[in-house]
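Listed below are the residues making up each chain.
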Amino acid sequence: MSMKMDMVLALALSAAPLAAPAADLSYTYVEAGVSRTDMELNSEFEDAVLIGGFMRGSLAIGESFYLLSGYESGTDSNWIGAPATEVSQLQLGGGLRRRLSDGVDFLTEASYITRDISFRDFFGSASDSASGYRVSSGLRGEFFTRLEALAKANYTDVGDDSGEFSATLGAQFKFSKTWRLLGELVLGGDISKYELGVRASF
């Protein structure tokens, strides 16, 4: 996974000089959409394929700092369709941006995370809650006028399990100054996440 993240960031860095001159990137926005998460859980729970959704927001504070928040949830149903595994996660944090060139920023983020997991089958149920943190660093840039891209390396440590590295790749297509269609992919050792949604930037 480390090699994959190195390749992702190298590609993003090589593409940065190709960015066309663009307006300043917005760090005040709200977004929502649908998601699929393939998650390897601990020995107390079965691995899950979660179908659900997400809501996130960001608020710029000055030229360099922004606040982050997000909530996501998903459900994995058993063979008769009754919910078997449910996972929800809340994220609160902040980030720093450093402009590298017109339309290209270097990002550093830190967040507090809480995660709730519940499992139910014919024999009973179980639940667990954990909290931890995530730190991320990467590039965000605007390319070809209507296209924006994101590449980040993440380290997440939640609960008693050891921390995990992952990579985030994202893209947005701009319909207007405010509205965008977004897609995002997160790849890690224990988790793979696919998201599709819309963002309103201000």
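Source: prediction; values computed, not measured.

> Could you give an account of the overall build of the chain, naming the residues involved and the relevant values?
Helix and strand counts for the chain come out as one helix and ten strands. Mapped in sequence order, the helices and strands of the chain form the string α-β-β-β-β-β-β-β-β-β-β. Across the 202 residues of the chain, 42% fall into the buried class. Counting only contacts in the chain whose residues sit at least 6 apart along the sequence, the fraction spanning at least 24 positions is 51%. With the model as given, the accessible surface of the chain reaches about 11100 Å², and the carbon-plus-sulfur share is 62%.

> Account for the nonpolar core, with residues named and values stated.
L25, Y27, Y29, Y66, L68, L107 and L150 together form the largest nonpolar core, which totals seven residues. Apart from residues no more than four positions distant in its own chain, L150 is found in contact with L107, L139, R140, T168, L169, G170 and E184. Counting residues in each nonpolar core, the second largest holds six residues, with A48, L50, I117 and I191 among its members.

> Which residues make up the pairing of strand β5 (residues 104-121), and what are the values?
On a regular strand, each side chain points to the face opposite its neighbour's, so the side chains alternate between the two faces of the sheet. Summarising the sheet, β5 and strand β6 (residues 124-143) pair through 18 bridges and their orientation is antiparallel. What sits directly across from F106, in β6, is L139. Counting the residues between successive antiparallel strands, the hairpin from β5 to β6 contains two residues.

> Any chance you could break down the pairing of strand β3 (residues 65-77) for me, citing the residues and the numbers?
Where burial is concerned, the two faces of β3 differ: the one with Y66, L68, G70, E72, G74 and D76 is buried and the one with F65, L67, S69, Y71, S73, T75 and S77 is not. As paired strands, strand β2 (residues 48-61) and β3 are joined by eleven bridges and run antiparallel to one another. Directly across from S58, in β3, lies its bridge partner L68. The antiparallel pairing of β2 with β3 creates a hairpin that spans three residues between the two strands, and G62 there sits at a positive phi of about 80°.

Rules of the game
Residues numbered from 1 in each chain as written. Predicted model: local features only at pLDDT ≥ 70, side-chain atom pairs only at ≥ 80, totals over all residues. Heavy atoms only, no water. Helix = DSSP H or I, 4+ residues; strand = E, 2+ residues; numbered from the N terminus. Buried < 20%, exposed > 50% of the residue type's maximum accessible area, 1.4 Å probe, protein only. Contact = heavy atoms within 4.5 Å. Areas by Shrake-Rupley, 256 points an atom, 1.4 Å probe, with all protein chains shown as cover. Core = buried A, V, L, I, M, F, W, Y, C linked by side-chain atoms within 4.5 Å. Pairing = 2+ DSSP bridges.

The values reported here are purely geometric and, on their own, carry no functional implication.
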